[in-house]
Amino acid sequence: MLKELLKKEEPVVYTALENALKNKTVSSAYLFTGPYGTPKKEAAILLAQSLLCENPDENGMACESCNSCRRVREGTYSDLILIDGKEKPVSKEMVDYVQSVFSKTALEKNGQRIYIILNCETASISAQNSMLKFLEEPGKGITAILTTDNVNAVLPTILSRCTILPFVPLSADAYLDMCKDAGIPEEDQYFASHLARNMDDLDQLFPLDNTGRQASSIYKSALGMFRQYLDPRERNDLLIDFDISWKSKEKDTKKAKAENIAILRDFFTLLILYWRDVIRNDEQGPAWYHSAVQRASSPKEDYAEMIVIASEERDKVNRFNDLNLLMDQAYYRLEVLRHERGIA
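This one's a predicted model, so the numbers in the text were calculated from it and none came from an experiment. (Residues numbered from 1 in each chain as written. Predicted model: local features only at pLDDT ≥ 70, side-chain atom pairs only at ≥ 80, totals over all residues. Heavy atoms only, no water.)

Caption draft 1: Quick peek at the nonpolar core. In terms of nonpolar packing, the biggest core is built from 54 residues, with Phe191, Phe226, Tyr229, Leu264, Phe267 and Trp275 touching the most fellow members. Take this core: its biggest share by element is twelve residues, from helix α13 (residues 253–280). Residues within four places of Phe267 in sequence aside, it is in contact with Ala222, Met225, Phe226, Tyr229, Leu238 and Met327. Residues Leu6, Val13, Tyr30 and Ala44 belong to the second largest nonpolar core, which totals 31 residues. (Core = buried A, V, L, I, M, F, W, Y, C linked by side-chain atoms within 4.5 Å. Buried < 20%, exposed > 50% of the residue type's maximum accessible area, 1.4 Å probe, protein only. Helix = DSSP H or I, 4+ residues; strand = E, 2+ residues; numbered from the N terminus. Contact = heavy atoms within 4.5 Å.)

Caption draft 2: Structural detail: the sheet that holds strand β5 (residues 163–166). Here we have five strands laid out as an open sheet, ordered β2-β3-β4-β1-β5, and parallel in their pairing. Where the open sheet ends on each side, the last strands, each with one partner, are β2 (80–84) and β5. Neighbouring strand axes in the sheet, compared pairwise and without regard to direction, differ in orientation by 15° on average. Lying on the sheet, helix α5 (residues 92–102) is in contact with β2, β3 (113–118) and β4 (142–148); it crosses β2 at an angle near 180°. Sitting on the sheet, helix α6 (residues 125–136) touches β1 (29–33), β3 and β4, and the angle it makes with β4 is about 140°. (Pairing = 2+ DSSP bridges. Axes fitted to C-alpha atoms, helices over the stretch in contact; angles between N-to-C directions.)

Caption draft 3: Structural context of the packing of helix α11 (residues 217–230) against helix α12 (residues 238–246). For the pair α11 and α12, interaxial distance at closest approach is 11 Å and the crossing angle is 160°. Considering their axes alone, α11 and α12 lie roughly antiparallel with respect to each other. In the packing of α11 onto α12, the handedness of the crossing is right-handed. Residue-level contacts link Lys220, Ser221, Gly224, Met225, Gln228 and Tyr229 of α11 to Leu238, Asp241, Phe242 and Trp246 of α12. Per-class residue counts for the contact of α11 with α12 are five nonpolar, three polar and two charged. (Parallel < 35°, antiparallel > 145°, perpendicular 65-115°, else oblique. Left-handed = near helix turned anticlockwise from the far one by under 90°. Nonpolar A, V, L, I, M, F, W, Y, C, P; charged D, E, K, R; others polar.)

Keep in mind these values describe shape, not function.
Written out as structure tokens, the structure is:
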């Protein structure tokens, strides 16, 4: 349940929302801030459920099981509008639409109207200005819930109109529990817990079908590249195999580009995880991974430098850069360091 997740992983946020609901001092506008992967979306849904719940608990928190809670969760509640800035940048037209809809009488008997704007930092300046006007004069019974991964990209005037609740990153154990609870195969749980920052990420890595969670082509390629890089006998063929074997086979060019970006990012993330585990002498994950960690014998400073290179190259993985060229550059930089230091 969302309540249990928030109470466990974000106790400060949970307590703030619980007190506001219990004392009926809920703000007309909230801004949930924190790094990508923190449960800001889940908290926004929970707050919306709590404001509309038919059977709240003694503190005003949602039961999460009544008809209203279910409809909020499924996105079918008439007086709730959710805009996801991650899917498409928030435009002025989107914000104006919300204002237009909420200028009319509520459709549900509760009378409460709520709009959620996820990743509001993607909003254009004109959209943020339109948002600001709505926040200044929201109207009776209207609650705004905004989330952002980058609070510095939000206009200060918007910040001043909102009650700001900061989220802290989840623990490594929390991500591992998320993977276990989602039914990720045991062999892959450790890696998935470092690649996925939320359930949306996890659903992309391991889509759910009638037979359970199945590894996506993106995950298979990233893991295959990772295992090949760790094998000294196969490492030299990685650049060729990336182009021939590991890249997306999707015929849609735009979709293939997006998948190849995801493959490379996940590949670099796994490399960074490996070198961190070597430095920490941490041996979680499957047996073949334990063996790779144990084989590493160079000074920790060498692996720290490799982490820096992999992190820098991962930051360059985007739709504007040539991925093959980027992969060549990353491989070259790592190999130069490997040969200079005698890293196995």
